[in-house]
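# Survey of secondary and tertiary structure
Here is what each chain is made of, one letter per residue.
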Amino acid sequence: MRFWIAVAAFVAAAGSAHAQPCDRQAFEPCQACHALTKDAGIKPGPQLAGVIGRPVAGDPAFDYSPALRAARAKGDVWTRERIDLFLADTEAMYPGGWMGSPPVRDAKLRADLLCALGGR
Ligand code: HEC
């Protein structure tokens with residue numbers, strides 16, 4: 001079933017000139033804690049609307065861990081590369097951070113996640 005959904009998504013994407021095939025369903029487990037819109041209300045994690053290019057700890061409504069607040073204070077910004085590393089090993093990048101989600105070891109899955117977050 002998933003295979004055919006992927007095929008359908010690929011065919012649909014191939015039809016438009018610039019779109020890359022990308023599996024937005026990858027973001028589904030993240031949605032338990034994150035929204036991709038600013039007005040989604042209270043969630044266990046910060047909203048991620050436009051997170052690529054945004055300062056670390058950039059949701060003013062969210063109470064971040066000291067680890068992420070320190071990163072914001074020193075000027076860290078969520079580039080695609082930084083998000084990729086963060087998802088691959090959150091604890092290595094910001095020890096003591098509060099994101100209680102397992103590392104995403106699969107590079108293809110991380111690429112799909114970045115795509116869902118609004119990157120290419
Ligand atoms: C169990 C809840 C939970 C899940 C599931 C989760 N996160 Fe998070 N996430 C958090 C929390 C809490 C933070 C804030 C961490 C801190 O303050 O140290 C966070 C922070 C982030 C940030 C940094 C946001 C910012 O404004 O600086 C990104 C990017 C992110 N998560 C992406 C993801 C992605 C992609 C997934 C799915 C693979 C995911 N998260 C799954 C709870 C979660």
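What you see as residue numbers is a count from 1 along each chain, following the sequence as written. Whole-chain, interface and lining totals are the exception, using all residues; otherwise, since this is a predicted model, local features are given only for residues with pLDDT of at least 70 and side-chain atom pairs are given and counted only at 80 or more. Hydrogens and water are ignored here; the side-chain numbers use all heavy atoms of the structure.

### Some words on the coordination of the iron atom of the ligand
Coordination shells were defined by N, O and S atoms within 2.8 Å of each metal, extended to 3.2 Å for Na, K and Ca; water is absent from the atom set, which can make sites look incomplete. Protein coordination at the iron atom of the ligand comes from His34 (NE2) and Met99 (SD), with a distance range of 1.9 to 2.1 Å. We call a residue buried when its accessible area falls under 20% of the maximum for its residue type, exposed when it is over 50%, and partly exposed in between, using a 1.4 Å probe and counting protein chains only. Taking relative accessible area as the criterion, His34 reaches 11% and is therefore assigned buried.

### A closer look at the packing of aromatic side chains
Only Phe, Tyr and Trp rings are paired, with Trp represented by its six-membered ring, and only when their centres lie within 6.5 Å; those with planes under 30 degrees apart are stacked, over 60 edge-to-face, the remainder tilted. For the coordinates displayed, the defined rule picks out four aromatic pairs. On the basis of an interplanar angle of 75° and a centroid distance of 4.9 Å, the ring pair of Phe62 and Tyr64 is categorised as edge-to-face. In this structure Phe62 comes out as partly exposed when scored by relative accessible area, which is 24%. By the ring-pair criterion, three or more aromatic residues cluster together here, those being Trp78, Phe86 and Tyr94.

### A look at the site of the ligand
Proximity is defined per residue: any heavy atom of the residue falling within 4 Å of a molecule or strand makes that residue near it. Of all residues adjacent to the ligand, which total 24 residues, the nearest are Cys30, Cys33, His34, Ser65 and Met99. Between the ligand and Ala57 there is a distance of 2.8 Å, counted from an oxygen atom to a backbone nitrogen or oxygen. Here Ser65 contributes a side-chain N or O atom positioned 2.5 Å from an oxygen atom of the ligand. Of the grid points, spaced at 1 Å and generated over the protein atoms alone, those admitting a 1.4 Å probe that cannot get out make up cavities, while open sets with protein on both sides within 12 Å along at least five of seven lines make up pockets; any residue with an atom within 4 Å of a point is treated as lining. A molecule is counted as occupying a cavity or pocket when more than half of its atoms fall within 2 Å of that pocket's grid points. With respect to the pocket detection grid, the ligand is positioned in the largest pocket. Classes in brief: Ala, Val, Leu, Ile, Met, Phe, Trp, Tyr, Cys and Pro nonpolar; Asp, Glu, Lys and Arg charged; the others, Gly included, polar. Its residues assigned to classes, the shell around the ligand comprises 17 nonpolar, six polar and one charged. Residues adjacent in sequence count toward polar contacts only when both atoms are side-chain atoms; beyond that, a polar contact is any pair of N or O atoms within 3.5 Å, and within protein one must be able to donate a hydrogen and the other to accept it.

### Focus on the layout of surface pockets
Grid points are joined across faces, edges and corners, and a volume is the space filled by probe spheres set on the points. If you add up the space inside the largest pocket, you get close to 710 Å³. Lining the largest pocket we find 33 residues, and of these His34, Phe86, Leu87, Met99 and Ser101 sit closest to its centre. Breaking the lining of the largest pocket down by element, the ones donating at least two residues are α3 (80-88) and α5 (107-116). With three residues, the single largest contributor to the lining of the largest pocket is α3. Classifying every residue of the lining of the largest pocket by side-chain character gives 24 nonpolar, eight polar and one charged. Helix and strand definitions follow DSSP, with helices as H or I runs of at least four residues and strands as E runs of at least two, each counted in order from the N terminus.

Keep in mind these numbers describe shape, not what the thing actually does.
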